[in-house]
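Geometric and topological summary
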Amino acid sequence: TFLVSGWLALMAGAPAVGKAIVREGCSFHMPAMAQSPMRDLSTRLLSQGSARSPHWAQITEDAFDAETAEMLQVAQETCDDFEAFFASFARCADIAG
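Below or above, wherever it landed, is the structure these notes cover. Keep in mind it's a predicted model, so treat the numbers as computed, not measured.

1. Section: the nonpolar core
- Counting 12 residues, the largest nonpolar core is built from Leu41, Leu45, Trp56, Ile59, Phe64, Leu72, Ala75, Phe82, Phe86, Phe89, Ala90 and Cys92.
- Among the elements that make up this core, the one with the highest residue count is helix α4 (residues 82-90) (4 residues).
- The residues touching Ala90, leaving out its near neighbours within four places in the chain, are Leu45, Arg52, Ser53 and Pro54.

2. A short note on α4
- Where α4 is concerned, the buried positions are Phe82, Phe86, Phe89 and Ala90. In a view along the axis of α4, the buried residues occupy a sector of 95 degrees, so they form one face of it.
- A positive phi of about 55 degrees marks Arg91, the residue just after α4.

Cut-offs used in this document
- Residues numbered from 1 in each chain as written.
- Predicted model: local features only at pLDDT ≥ 70, side-chain atom pairs only at ≥ 80, totals over all residues.
- Heavy atoms only, no water.
- Core = buried A, V, L, I, M, F, W, Y, C linked by side-chain atoms within 4.5 Å.
- Buried < 20%, exposed > 50% of the residue type's maximum accessible area, 1.4 Å probe, protein only.
- Helix = DSSP H or I, 4+ residues; strand = E, 2+ residues; numbered from the N terminus.
- Contact = heavy atoms within 4.5 Å.
- Arc of directions from axis to C-beta.

Structure (structure tokens):
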């Protein structure tokens, strides 16, 4: 936004906002993504590549951290059709071709 805003201001004939970029260089860094149970599950599924399965029974829950394992347990107990949810979440149709 910084660079685009400055460019837009200059194109409109107004002075650029903010500081000038120094000659020594400039870098932009994205903050680290927060870890969450759904991200943990998604990361695990994506790491399986073409071996990914829509079948929840093939996932080993003990491979997850305590927070993720607890969230998955609650989801299984409260979701009427957890198997269907998981099959959709696993996105196996995306790798089937």
